[in-house]
Amino acid sequence: MSIPVLLFASYADAFGTRELEVPVEAPCPVQTLVDTLRGMPGGDRLPPRVLVAVNQRLADTAAVLQPGDEVALIPPVAGG
Amino acid sequence: MSIPVLLFASYADAFGTRELEVPVEAPCPVQTLVDTLRGMPGGDRLPPRVLVAVNQRLADTAAVLQPGDEVALIPPVAGG
Amino acid sequence: MALLHAAIVSAPIDVSALILRAQDTGVGALSVFLGTVRDLNDGRPVTGIDYEAYEGMAAKELAAVAEEVCAATPGLRVALEHRIGTLGIGDVSVAIVAAHAHRAQACDGARAIIESLKQRVPVWKREHYVDGDRVWIDPTKGQGAADMSVPTQGSE
Amino acid sequence: MALLHAAIVSAPIDVSALILRAQDTGVGALSVFLGTVRDLNDGRPVTGIDYEAYEGMAAKELAAVAEEVCAATPGLRVALEHRIGTLGIGDVSVAIVAAHAHRAQACDGARAIIESLKQRVPVWKREHYVDGDRVWIDPTKGQGAADMSVPTQGSE
């Protein structure tokens, strides 16, 4: 099992892809997903604090991911 | 001799004209012009404080009008 | 100091053209202020407004207002026009474009100009009401006001 | 609450059309904020910017930002768009129109929206430099900065 994670901008560059299958099984906490990502190739380029959106809303690291959730890493925003 | 005075908006309505010959002789202080205007028909509709522009700049009541000056009364402005 | 354009006009204001005048390769933010004729003032229905200006002095003061704000804001680029004549509901009476590398200066610049313009530029307006009445507006008074709870400094 | 239009778009933004969306008979003032691509950032010459968005979430956040400011400002009418894709110098990346009976609310409304948008909406930009280098901008850092004396909160 794995959870697909959407990647954007510098994070997509870091992992060399725009969508990454992360080998963790839902349900699992957001923190577990982030810890796993850090150990994957390119994960060393993530900053100390990483924002995660679940179903297009920012989620706490303690939030629990459910099967089918839309999960995305959100780099520091720079719109305008 | 007289000094022509430009009138706008509510002041033009008060005096019923857009340009009024005021019977004072230049050189004379702005205050004398204003006092004379107050005594003319419609002058009672002027507010207690009247702004006067001389050559398109606001002038002090002590300023002295010279022959040929462009003189205008400036009602409270309401642009924008 | 970059006042690019200041004019009293009688034709409709071309806002896009004003924006182009202020635009430049170094500009990162533009703040545009538009004053428009609204259908209600102090609770009284309005059908239109006559704008009148002491044209020569108004053109000078319009430029002076913008130049003073430009002098206080290095890098600010400004283009602005005030329309006179008879305007209908929704018509643009004044348009101010302030452009700068950074947004704070652009926004504060446009705001400073409209505030100063309303204090200084010799332009007057006469509102037309549904009953045919026409009244020159004196911002120093509360004339014709059915709703005096609206602060005058907030009204257009 | 009057959010009339919020969208992430890939075509050039039609500012006049946005103004028309926000306009209304009761409007006396419109404040328009435009963000544009400038040729210099932190002292480094820029030739263009790629804007990328998490489109679904960005559209929701763009609307949420505007709705929150509308909720705090009774009578405010807002239309806004953020463009994504590759933009050249001078292109408009974001346009916000805030309209109100009174100017203070229009100006403060547009300003509040751009400030909140920059904090929250998931959009990213990658600057292109003359040497061919391309860098994703992180406003939380001072990367690539030749002139760090420019406060970051003031930059676009």
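Refer to the preceding data block for the structure.
Residues numbered from 1 in each chain as written. Chains lettered and ligands numbered in written order. Predicted model: local features only at pLDDT ≥ 70, side-chain atom pairs only at ≥ 80, totals over all residues. Heavy atoms only, no water.

Time to look at the overall build of chain C. Within chain C, the regular secondary structure consists of three helices and nine strands. Secondary structure elements of chain C occur, N-terminal to C-terminal, as β-α-β-β-β-α-β-β-β-α-β-β. In chain C, buried positions account for 58% of the 156 residues. In chain C, the share of contacts with a sequence separation of at least 24, taken over all contacts with a separation of at least 6, comes to 75%. Accessible surface, chain C as shown: approximately 6000 Å² in total, 52% of it carbon and sulfur. (Helix = DSSP H or I, 4+ residues; strand = E, 2+ residues; numbered from the N terminus. Buried < 20%, exposed > 50% of the residue type's maximum accessible area, 1.4 Å probe, protein only. Contact = heavy atoms within 4.5 Å. Areas by Shrake-Rupley, 256 points an atom, 1.4 Å probe, with all protein chains shown as cover.)

A word on the relation of the copies chain D and chain C. Rotating chain D by 180° and translating it 0.0 Å along the rotation axis places it on chain C, where the RMSD comes to 0.0 Å. Interpreted geometrically, this transformation is the action of a two-fold axis. Residue Val-32 of chain D of chain D places its C-alpha closer to the rotation axis than any other residue of that unit, at 2.4 Å. Both copies contact each other with a shared surface, as 100% of the interface residues of chain D are interface residues in chain C too. (Least-squares fit on C-alpha atoms with pLDDT ≥ 70 in both.)

As a further point, take the interface of chain D and chain A. Contact residues are listed per partner, giving 26 residues for chain D and 20 residues for chain A. Where chain D abuts chain A, roughly 1700 Å² becomes buried across the two surfaces, and 60% of that area is made up of carbon and sulfur atoms. Looking only at chain D, the three residues that lose the most surface to chain A are Tyr-54, Met-57 and Trp-124 of chain D, adding up to 38% of its buried area. Our enumeration of links across chain D and chain A arrives at one salt bridge. (Buried area = accessible area lost by both parts, 1.4 Å probe. Salt bridge = Lys/Arg side-chain N within 4 Å of Asp/Glu carboxyl O.)

Cis geometry is found at the peptide bond from Ala-26 of chain A to Pro-27 of chain A, where omega equals 0°. If you trace the backbone, Pro-27 of chain A turns up in the loop between β2 (19–22) and β3 (28–29). A positive phi is found at Ala-9 of chain B, a non-glycine position, where the angle reads about 50°. Its place among the elements puts Ala-9 of chain B in helix α1 (residues 9–15). Positive phi outside glycine occurs at Asp-42 of chain C, with the angle close to 50°. Structurally, Asp-42 of chain C can be placed in the loop between β3 (40–41) and β4 (44–53).

Turning to the nonpolar core, a few remarks are in order. Residues Val-78, Leu-80, Ile-96, Ile-113 and Leu-117 of chain C are the most contacted members of the largest nonpolar core, which totals 34 residues. Filtering out sequence-adjacent residues up to four positions away, Leu-117 of chain C remains in contact with Gly-79 and Gly-80 of chain B together with Leu-62, Val-65, Leu-80, His-82, Val-94 and Ile-96 of chain C. Residues Phe-33, Ala-58, Leu-62 and Ile-96 of chain D belong to the second largest nonpolar core, which totals 33 residues. (Core = buried A, V, L, I, M, F, W, Y, C linked by side-chain atoms within 4.5 Å.)

So yeah, pure geometry; function would need other evidence.
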